[in-house]
Amino acid sequence: MRIGNKEFLDSGRTYIWGILNVTPDSFSDGGKYDRLDAALRQVERMVQEGMDVLDIGGESTRPGHVQISDEEEIERVAPVIEAVKARFDVPVSLDTYKYEVARAGAQAGADLINDIWGLKYDEGQMAAFLAESGLPCCLMHNRRQAEYGDFLPELKADLQETLAIAERAGMKREHIILDPGVGFAKTKEQNLEVMANLGDLRELGRPVLLGASRKSVIGLTLDVPVTERLEGTLVTTVFAVLSGCSHVRVHDVKENVRAVRMAEAIAEYER
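Conventions and cut-offs
- Residues numbered from 1 in each chain as written.
- Predicted model: local features only at pLDDT ≥ 70, side-chain atom pairs only at ≥ 80, totals over all residues.
- Heavy atoms only, no water.
- Salt bridge = Lys/Arg side-chain N within 4 Å of Asp/Glu carboxyl O.
- Helix = DSSP H or I, 4+ residues; strand = E, 2+ residues; numbered from the N terminus.
- Axes fitted to C-alpha atoms, helices over the stretch in contact; angles between N-to-C directions.
- Parallel < 35°, antiparallel > 145°, perpendicular 65-115°, else oblique.
- Left-handed = near helix turned anticlockwise from the far one by under 90°.
- Contact = heavy atoms within 4.5 Å.
- Nonpolar A, V, L, I, M, F, W, Y, C, P; charged D, E, K, R; others polar.
- Phe/Tyr/Trp six-rings, centres within 6.5 Å; stacked < 30°, edge-to-face > 60°.
- Buried < 20%, exposed > 50% of the residue type's maximum accessible area, 1.4 Å probe, protein only.
- Lys NZ or Arg CZ within 6 Å of the ring centre and 35° of its normal.
- Pairing = 2+ DSSP bridges.
- Right-handed = clockwise from strand over helix to strand, strands pointing away.

Draft legend 1. Structural view of the pattern of salt bridges. As enumerated under the stated definition, the model contains 18 salt bridges in all. A salt bridge links Arg143 to Glu154; the nearest nitrogen and oxygen atoms lie 3.1 Å apart. Note that Arg143 is positioned in the loop between β7 (137–140) and α5 (151–169) and Glu154 in helix α5, a separation of eleven residues in sequence. One network of salt bridges, with partners in common, ties together Arg35, Asp37 and Arg41.

Draft legend 2. Looking closely at the packing of helix α1 (residues 36–49) against helix α2 (residues 70–87). Orientation of α1 relative to α2, taken along the N-to-C sense of each, is 45 degrees, at an axis distance of 10 Å. If you check the angle between α1 and α2, you find them oblique. Between α1 and α2 lies a crossing whose hand is right-handed. Facing Leu36, Ala39, Leu40 and Val43 of α1, the residues of α2 in contact are Pro79, Val80, Ala83, Val84 and Arg87. Tallied by class, residues from the contact of α1 with α2 come to eight nonpolar, no polar and one charged.

Draft legend 3. A look at the packing of aromatic side chains. The final tally for this structure, using the stated rule, is three aromatic pairs. Centroid distance Tyr148 to Phe151: 5.0 Å. Interplanar angle 85 degrees. Geometry classified as edge-to-face. Per residue, the accessibility class of Tyr148 equals that of Phe151, and both read buried. It is Arg144 that lies over the ring of Trp117; its NZ or CZ is 4.4 Å from the centre.

Draft legend 4. Local environment of the pairing of strand β5 (residues 92–95). Because side chains alternate across β5, one face comprises the buried residues Val92 and Leu94, and the other comprises Ser93 and Asp95, equally buried. The pairing of strand β4 (residues 53–57) with β5 spans four bridges and is classified as parallel. Residue Asp55 lies in a different strand from β5, and its bridge partner there is Ser93. Judged from the three bridges that link them, β5 and strand β6 (residues 112–115) form a sheet pairing that is parallel. If you follow Asp95 over to β6, its bridge partner there is Asn114. In this fold, β5 hands off to helix α3 (residues 99–108), which returns the chain to β6; that crossover is right-handed.

Draft legend 5. Seen up close, the packing of α3 against helix α4 (residues 125–133). The geometry of α3 relative to α4 is characterised by a closest axis approach of 9 Å and an angle of 25 degrees between their N-to-C directions. By the angle between their axes, α3 is roughly parallel relative to α4. On the side of α3, the interface is formed by Tyr99, Ala102, Arg103 and Ala106, while α4 contributes Gln125, Met126, Phe129 and Glu132. In the contact of α3 with α4, the residues fall into five nonpolar, one polar and two charged.

Draft legend 6. Spatial organisation of the sheet that holds β4. One open sheet holds the eight strands; their spatial order is β8-β7-β6-β5-β4-β3-β10-β9, and the pairing between them is parallel. Strand pairing shows two members of the sheet lacking a second neighbour, β8 (176–179) and β9 (209–210), which therefore form its edges. Where strand β3 (residues 15–21) and β4 come together, five bridges link them in parallel fashion. Looking across to β4, one finds that Gly18 is bridged to Leu54. Along the sheet, α1 makes contact with β3 and β4, crossing β3 at roughly 165 degrees.

Draft legend 7. The arrangement of the environment of Leu40 in detail. Note on placement: Leu40 falls in helix α1. Spatially, the C-alpha atoms of Leu40 and Asn191 are 32 Å apart, while their sequence positions differ by 151 residues. Sequence-distant contacts of Leu40, defined by excluding residues within four places in its chain, comprise Ala83, Val84, Arg87 and Phe88.

Right, here's the structure in full:
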């Protein structure tokens, strides 16, 4: 898969996505990078630490978040995307589920759209935009109600529905990454279950991204605040590598790069 000007393998390697929240209310780092100079310093740091993709978000999606208008989200993300693309040679992902924001982000230079609603937020406009633009995308599992009969089979069925929406819109299957949506419409136990069975998602035929960094499942499991979830995050990253995930989305780039490299080195000797 090509993201920006770089090629990414669909298997055999795990790539690090660095998170940049240009929001005042993100659950883990709200307000730290909502000024352009601070955002660019953080991008420079993450590039130096080995980040493969930068994921920029302009609206918090934490539980209980307040939705903002398309215009406000565009005002937050577009200048940052333009500044990053002018200064750094790193592919840029835009974390948005709104097609108008995605369109403006693409015009500003975004190389990939990261949609937390897996093309299901609107009436097909995001899918149509992605088909028209040819941009690669990451499509996440989500539901409006966390109600399941048989959790894992239904999660996979939901992702298959997302792939079907993409196909009907004319999107290229090879442009799609799938995300099981840890922390979205799932209980603590369901989040643990999906991470324990990440390898099963490879049956869907697309690269998988895990985004578990600093999330509540770690806090609830270890009984620690968001500022003390690095070790738990590193465990989820190692599980992602050993389960064949191609991408992990994280806040702490340096530590996760090292965890990925160590896990990959050990995995080479698996019989």
